[in-house]
Structure formats: C-alpha cells, structure tokens
Amino acid sequence: MDCTLVVLAAGMGNRFGGLKQLAGVGVGGETLLEYGVFDAIRAGVGKVVFVIREDFAKDFGEQVVARFQDKVEAVCVYQSLDGLPDGYSVPLGREKPWGTGHALLAAKDEVRGACVVINGDDFYGATAYRDLVSYLKPGERDDRGLRYGMVGYELKRTLSNHGSVSRGICEVDGEGYLVSLSEHTQLSWNEAYTEVVSANTGTSLAGDVPVSLNLFGLQPGFFPYLETEFLHFLDDHHSDPKAEFFLPEVVSRHVKSGGGTLRVIPTQECWFGMTYAEDRDAVTKAIRERVRDGLYPESLWG
C-alpha cells in the first residue's frame, strides 16, 4: 500500500515566539517533527510531504530535511496567503493562510495513495502511527464508502500548562465511528482542574472526551470533496480576514453527509507539543526520557 505522511508545518509560531519548526529538542538537535517522521517510516510510510512557508524553505531544507533525505522520499510544498483558486483574491486585512484544510490542499499533487496527516509541532507516539497505517491498509473503500481513520486522544492529555489550545472535539458511536467533530478554541483547565473550559464560548467539557489532534488517515477520494468545500468556504467567508478552513470540520461534514466513515482509534499514547516557548523545556525532557527508555536512538538518523 502506498502511503504518504503530510506534515502541516506552515504555522507562524506567534505564540511560540519564533520558528518552532526549527527548534531542536532531541539529543542530537532533532526537531519535534522529526520524531513523527521517524515513527511514520517505521509504520510503513514511503513518502513525506512538508507543508511549509516559502520564506523559511532554505533553512528548513538545510536544518531538517537534510538529516533524513536518504531515508525516505521527502518534498516540501508551500502554503501561501494567495494560494487560492482562480477568480478569488485575498481579502483586505488578511495576514495569514487559510487554515489546516487549505494546508492539506497545498500537498494534494504530491500525495501518493492514502495519507497520514499530522501537525508539525505535535508528538503523537509510535503506536498511534502504527495503528493508523494498519487501519488504512485494507483499501480505500468498503460497503459504507471511503474508509477514514483518526487517532483519538483524551482531552485532558492534550492541554498545555502555559496557555489555551484549540482541539477538535469528537462524538463517537458505539462502534467507534465518528458522529461529529467540532473545533473548540481557547481550551484550558478551570481553576480547580476538574473540567476543561473554552474561554471563547464558555463551554465546559469533560477531561476524557476524545479529541482530534489532526492525526488523520485519509484516502485519495477525499481531495475532490476538500477542494469543493474550500470553494464554498471562500464564497461564505471571502470578506472575513480571520476565518479559518479547519480540516477536522471538513472531515466531519463529509462523514455526516454519508461520503464515508471515520474510525476513531483510541490510543494510550501521551501527546505533547510546542504551542508556547515555555513548552520547549518540557518537550525536550519528554523526548530524552524516551531516548533513555530505548524508544528512540540518541542519534535519530544514525
């Protein structure tokens, strides 16, 4: 089975205070996204596509891709503010690209077969990649339509100690299939650490609800739907300089419309990531603990 890893790594890093895509956290200075690439290769992925910004492409190629370009086919594509279909233009006041759905569209022409999609600033754990790639292997479709997968993490295991986060909250049926997925922003613990609250909406959530961290397993047949949905998004939000085209919401709509099913694959892996600069020390410590425990070599690429 052909399978491509798509790494969404075009974020501006405003809350982090710099280019976290280039921040070393491994013993040998490896970046966090390199551990995802390493785990994906071990799970059977044969190609890696990085979605980045063109303004740091040179540094990214020299400092990151050069480390493992002899281990796997790797290419970079660019997500840009003006990367829009014909007939559309950037609205006044728009300062950044259009979100994770738009980022995946930037990779479309480089994807071979099914794809595993990840955030470049998140650590997901080796078994999450293994389980997702294994789920994709039987083929693109079954009698219920396109076969999608997503690794679901408990919300309480995905929060930062240094500020709020955004998460895709999942509703799952009794067979483990996704019913709906909605993006919740500005999530953090309440003062008593008993429930998670969205400062944006005032919504309270239980800590054990499954969430999407953009670790999706998608089929080639998803891309035409993604393109159509982006056109609808632009028609509806062309004058909003801050609207975002969220990949989890598009996947959810496709499932709800009957275009396919999405199995939410539970995991016991611990997530961690680098949303804020203060997260870097904790991430470095967590990586080195895993090296000490033999889960990763000291020199990731030998």
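All residue numbers refer to position in the chain's written sequence, counted from 1. Side-chain atom pairs in this predicted model are given and counted only at pLDDT of 80 or more, local residue features only at pLDDT of at least 70, and totals for whole chains, interfaces and linings cover all residues. Excluding hydrogens and water, the side-chain figures rest on all heavy atoms present in the structure.

Enquirer: How do you make sense of the overall build of the protein chain when you look at a structure like this?
Expert: The numbering of helices and of strands both runs from the N terminus, where a helix is a DSSP run of H or I of at least 4 residues and a strand a run of E of at least 2. Helices and strands together make up the secondary structure of the protein chain, namely seven helices and 14 strands. Within these notes, the globule rule equals 2.2 Å times the number of residues to the 0.38 power, and the radius of gyration is based on C-alpha atoms. For the protein chain, the C-alpha radius of gyration of 18 Å lies close to 19 Å, the compact-globule estimate for 302 residues. Burial analysis of the protein chain (302 residues in total) assigns 53% to the buried set. Sequence separation of 24 or more characterises 74% of the internal contacts of the protein chain that already satisfy a separation of 6 or more. Only four residue types enter the charge count, namely Lys and Arg as positive and Asp and Glu as negative; His and the chain termini do not. Charge coordinates come from a single atom per side chain, which is NZ of Lys, CZ of Arg, CG of Asp or CD of Glu. Of the charged side chains in the protein chain, 29 are positive and 43 negative; the average position of the first set lies 4 Å away from that of the second. Buried, partly exposed and exposed residues are distinguished by accessible area as a fraction of the type maximum, computed with a 1.4 Å probe on protein chains only: under 20%, between the cut-offs, and over 50%, respectively. The contact criterion used throughout is that any non-hydrogen atoms of two residues lie within 4.5 Å.

Enquirer: Quick question: what am I supposed to make of helix 7 (residues 279–292) here?
Expert: In an α-helix there are 3.6 residues to a turn, and that puts residues three or four apart on one side. Any helix carries an expected span of 1.5 Å times its number of residues minus one. Helix length check: helix 7 (14 residues) gives 20 Å between terminal C-alpha atoms against 20 Å at 1.5 Å per residue, within 8%. Among all positions in helix 7, only Asp-279, Val-283, Thr-284, Ala-286, Ile-287, Arg-290 and Val-291 are buried. Viewed along the axis of helix 7, the buried residues span an arc of 165 degrees, placing them on a single side of the element. In helix 7, those exposed residues whose orientation departs by more than 90 degrees from the buried face are Asp-281, Lys-285 and Arg-292. Each element contacted by the buried residues of helix 7 is listed here: helix 1 (32–43), strand 5 (122–123) and strand 14 (272–273). The directions from the helix axis to the C-beta atoms are what the arc is built from.

Enquirer: Would you take a moment to explain the pairing of strand 8 (residues 165–172) for this structure?
Expert: Taken residue by residue, a regular strand's side chains alternate between the two faces of the sheet. Two strands qualify as a pair provided DSSP detects at least 2 bridges between them. Where strand 8 and strand 9 (residues 178–189) come together, seven bridges link them in antiparallel fashion. Looking at the pairing, Glu-171 lines up with Ser-180 of strand 9. Joining the antiparallel neighbours strand 8 and strand 9 is a turn of five residues, in which Gly-176 adopts a positive phi near 90 degrees. The pairing of strand 8 with strand 12 (residues 210–218) spans two bridges and is antiparallel. Along strand 12, the bridge assignment pairs Gly-168 with Ser-212.

Enquirer: Just to check I follow, could you spell out the packing of helix 1 against helix 2 (residues 57–68) for this structure?
Expert: What describes two packed helices is the angle between their axes and the distance between those same axes. The interhelical angle for the contact between helix 1 and helix 2, taken along N-to-C directions, is 25 degrees, at an axis separation of 11 Å. One way to sum up the angle between helix 1 and helix 2 is to call them roughly parallel. Taken as a pair, helix 1 and helix 2 cross one another with a handedness that is right-handed. Packed against helix 1, whose contacting residues are Leu-33, Glu-34 and Val-37, the element helix 2 presents Phe-60, Val-64, Arg-67 and Phe-68 at the interface. Each residue gets one label: Ala, Val, Leu, Ile, Met, Phe, Trp, Tyr, Cys and Pro are nonpolar, Asp, Glu, Lys and Arg are charged, and the others, such as Gly, are polar. Along the lines of polarity and charge, the residues of the contact of helix 1 with helix 2 split into five nonpolar, no polar and two charged. Axis definition: a line fitted to C-alpha atoms, limited for helices to the stretch in contact. Angles are taken between N-to-C directions and run from 0 to 180 degrees. Here is the rule for angles: anything less than 35 degrees is roughly parallel, anything more than 145 is roughly antiparallel, 65 through 115 is roughly perpendicular, and the remaining ranges are oblique. Handedness of a crossing is defined here by the sense of rotation of the near helix relative to the far one, left-handed for an anticlockwise turn of less than a right angle and right-handed for a clockwise turn.

Enquirer: Can you help me understand the confidence of the model for the protein chain in this one?
Expert: Interpretation of the predicted coordinates at a detailed level should be avoided for regions scoring low in pLDDT. On average, the protein chain scores 90 in pLDDT, and the residues at 70 or more come to 97%. The predictor reports its confidence for every residue as pLDDT, a score running from 0 up to 100. Confidence drops under pLDDT 50 across residues 12–18; counting only partners more than four residues distant or on other chains, this segment forms 15 contacts.

Enquirer: Just to check I follow, could you spell out the packing of aromatic side chains for this structure?
Expert: The geometry of an aromatic ring pair is captured by the separation of the ring centres together with the interplanar angle, meaning the angle of the planes. Aromatic pairing here means that ring centres of Phe, Tyr or Trp (its six-membered ring) are within 6.5 Å. Orientation follows from the plane angle: under 30 degrees is stacked, over 60 is edge-to-face, and everything else is tilted. The full count for this structure, using the stated rule, is 18 aromatic pairs. Here Trp-98 and Phe-233 contribute two aromatic rings whose centre-to-centre distance is 6.3 Å and whose plane-to-plane angle is 85 degrees, an arrangement assigned as edge-to-face. Of this pair, Trp-98 sits in the loop between strand 3 (73–78) and helix 3 (100–107) while Phe-233 sits in helix 5 (residues 222–237); the two residues are 135 residues apart in sequence, bridging distant segments of the chain. Neither residue differs from the other here; Trp-98 and Phe-233 are each classed as buried. Arranged with centres 6.2 Å apart and planes meeting at 50 degrees, the rings of Tyr-124 and Tyr-153 form a pair that is tilted. With Tyr-124 in the loop between strand 5 and helix 4 (126–136) and Tyr-153 in strand 7 (residues 145–154), the pair connects residues that are 29 residues apart, well separated along the chain. Grouping residues by exposure puts Tyr-124 and Tyr-153 together as buried. A positively charged side chain is recorded as over a ring if its NZ (Lys) or CZ (Arg) lies within 6 Å of the ring centre. The angle to the ring normal must also be within 35 degrees. Of note, Arg-94 hangs over the ring of Trp-98, and the distance from its end group to the ring centre comes to 4.1 Å. Over the ring of Trp-271 we find Arg-167, and its NZ or CZ is 4.7 Å from the ring centre.

Enquirer: What am I meant to see in the nonpolar core here?
Expert: Across soluble globular proteins, nonpolar side chains show a tendency to be buried alongside one another. Residues Leu-5, Phe-50, Val-116 and Leu-215 are the most contacted members of the largest nonpolar core, which totals 61 residues. In terms of residue count, helix 1 provides more of this core than any other element does, seven residues in total. With sequence-adjacent residues up to four places away left out, Leu-215 is seen in contact with Val-116, Val-117, Ile-118, Tyr-124, Ala-128, Tyr-129, Leu-132, Gly-149, Met-150, Val-151 and Tyr-153. Among buried residues, those of type Ala, Val, Leu, Ile, Met, Phe, Trp, Tyr and Cys that are joined through side-chain atoms within 4.5 Å constitute a nonpolar core. Grouped together as the second largest cluster of nonpolar side chains are 37 residues, Val-51, Val-77, Leu-146 and Val-250 included.

Enquirer: Would you explain the pattern of salt bridges in this entry?
Expert: As a working rule, side chains carrying opposite charge can pair if their charged atoms are close by. Definition used for salt bridges: Asp or Glu carboxyl oxygen within 4 Å of a side-chain nitrogen of Lys or Arg. Per the stated rule, a full pass over the model turns up 16 salt bridges. For Lys-156, the salt bridge goes to Glu-154, with nearest N and O atoms at 3.9 Å. What emerges from the salt-bridge pattern is a single network uniting Lys-47, Glu-73, Glu-110 and Arg-112.

Enquirer: What exactly am I supposed to notice about the state of the cysteines here?
Expert: Think of a disulfide as a covalent bridge from one cysteine sulfur atom to another cysteine sulfur atom. Cysteine sulfur atoms are paired as a disulfide whenever they come within 2.5 Å of each other. As enumerated under the stated definition, the model contains zero disulfides in all. The thiol of Cys-76 is unpaired, and the distance to the nearest cysteine sulfur, on Cys-115, comes to 17 Å.

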